[in-house]
Amino acid sequence: SLVNTFIHIDHRASVSDVLTRALFGDESSNYELPLFTKAGEQRDILLNATARRDAKGDIIGVVGVGQDITEIKTASERAQRIADDLTRLIETANAPIFGIDVHGNVSEWNAKASSLLGYSKMEAMGKNLVSGFITQEFRESVNQVLSSALLGTETANFEFPLFTKHFERKIQILMSATPRRGPDGQII
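Values in this document were obtained by computation on a predicted structure and should not be read as measured data.

## A word on the pattern of salt bridges
Counted by the stated rule, this structure contains 11 salt bridges. As a salt-bridge pair, D26 and R21 come within 3.5 Å of each other at their nearest N and O atoms. Across the pair R43 and E41 runs a salt bridge whose closest N-O atoms are separated by 3.0 Å. The class for R43 is buried, based on a relative accessible area of 17%. Here the salt bridges do not stand alone but share partners, grouping E41, R43, D68 and E71 into one network.

Here you go:
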């Protein structure tokens, strides 16, 4: 049979179930399974299975349409590993790193920012960076730098003070502000 010939033993039961359900009119879409080539190479397939009907509408078989998604899946996994690496890099950097969304609210706050300023990531996330964490006399200039970054203009080595959570001490920050872009290239 098709299943016993081309489907790996680990997936035969589930593929057989998908095909059997299609024989009874229960169609499946986007079912992912591995197929192995004659040379033993694994290919990842996205399968859609639907009932095949005759002119009277009676089910006479199953039509399966598969798409080889091996390269797409490999690229996606690679991109996820890179994203995970970058997230760890940001979180464990020995410099405070914070990010804002297009509304100026904190969207990133690494461990060093937490340890230096005393605000946990949970306390900082979602709060307006300028009004919540910047001293009054620097709010306008910091806001200007951040607004420029949100418009695509980068700024390097902008210095300003931040006070710790309980105003125990002032910390001089040397900030570089760059726009963060989404997959479509738009600033987020």
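Next, the rest of the story.
## A few points about the nonpolar core
Membership of the largest hydrophobic core comes to 23 residues, with the highest contact counts inside it found for W109, L129, F133, V142, L146, F160 and M175. Of all the secondary structure elements, the ones that give two or more residues to this core are β4 (98-100), β5 (106-109), α4 (111-117), α6 (129-133), α7 (136-150), β6 (155-163) and β7 (170-177). Those residues within four positions of F160 in sequence are excluded, and the remaining contacts are F98, I134, F138, V142, I171, Q172, I173 and M175. With 11 residues, the next largest nonpolar core counts V18, A22, I45 and L47 among its residues.

## Focus: the sheet that holds strand β1 (residues 28-36)
Read across the open sheet, the three strands follow the order β1-β2-β3; overall the sheet is antiparallel. The strands lining the two open edges of the sheet, one partner per strand, are β1 and β3 (59-68). For this sheet, the mean inter-axis angle between neighbouring strands, taken without regard to orientation, is 35°. The pairing of β1 with strand β2 (residues 42-53) spans seven bridges and is antiparallel. Across the sheet, the residue bridging to F36 is Q42, located in β2.

## Examining the layout of surface pockets
Taken as a whole, the largest pocket holds about 700 Å³ of empty space. Every residue lining the largest pocket is counted, 25 residues in all, and those nearest its centre are I97, F98, G99, S176 and T178. Its volume calculated, the second largest pocket comes out at about 190 Å³. Lining the second largest pocket, in full, are L2, F6, I7, V15, L19, L33, L35, I45, L47, V62, G64 and G66. Secondary-structure elements contributing two or more residues to the lining of the second largest pocket are α1 (2-6), α2 (12-23), β1, β2 and β3.

## Structural notes on the environment of G182
The topology assignment puts G182 in the segment after β7. Between the C-alpha atoms of G182 and G118, which are 64 residues apart in sequence, the distance is 30 Å.

## Focus on unusual backbone geometry
The phi torsion at N30 lies on the positive side, around 55°, for a residue other than glycine. Relative to the assigned elements, N30 resides in strand β1. Residue classification places N30 among the exposed positions, given a relative accessible area of 53%. Its identity as a non-glycine residue notwithstanding, N157 has a phi of 60°, on the positive side.

## Quick notes on the packing of aromatic side chains
Across all of its chains, the model carries four aromatic pairs by this definition. With 5.0 Å between their ring centres and 40° between their planes, W109 and F133 make a pair best called tilted. Highlighted residues: W109 in strand β5 and F133 in helix α6, separated in sequence by 24 residues. Residue classification places W109 among the buried positions, given a relative accessible area of 1%. Given a relative accessible area of 8%, F133 falls into the buried group. On the basis of an interplanar angle of 90° and a centroid distance of 4.9 Å, the ring pair of Y119 and F133 is categorised as edge-to-face. A residue pair is termed long-range when its members are at least 10 positions apart, and Y119 in the loop between α4 and α5 (121-124) and F133 in helix α6 qualify at 14 residues. When its relative accessible area of 17% is taken as the criterion, Y119 is described as buried. Members of the aromatic cluster, connected to one another through ring pairs, are F98, W109, Y119 and F133.

Cut-offs applied
- Residues numbered from 1 in each chain as written.
- Predicted model: local features only at pLDDT ≥ 70, side-chain atom pairs only at ≥ 80, totals over all residues.
- Heavy atoms only, no water.
- Salt bridge = Lys/Arg side-chain N within 4 Å of Asp/Glu carboxyl O.
- Buried < 20%, exposed > 50% of the residue type's maximum accessible area, 1.4 Å probe, protein only.
- Core = buried A, V, L, I, M, F, W, Y, C linked by side-chain atoms within 4.5 Å.
- Helix = DSSP H or I, 4+ residues; strand = E, 2+ residues; numbered from the N terminus.
- Contact = heavy atoms within 4.5 Å.
- Pairing = 2+ DSSP bridges.
- Axes fitted to C-alpha atoms, helices over the stretch in contact; angles between N-to-C directions.
- 1 Å grid on protein atoms, 1.4 Å probe; cavity = no way out; pocket = protein on both sides within 12 Å on 5 of 7 lines; lining within 4 Å.
- Points joined across faces, edges and corners; volume = space filled by probe spheres on them.
- Phe/Tyr/Trp six-rings, centres within 6.5 Å; stacked < 30°, edge-to-face > 60°.

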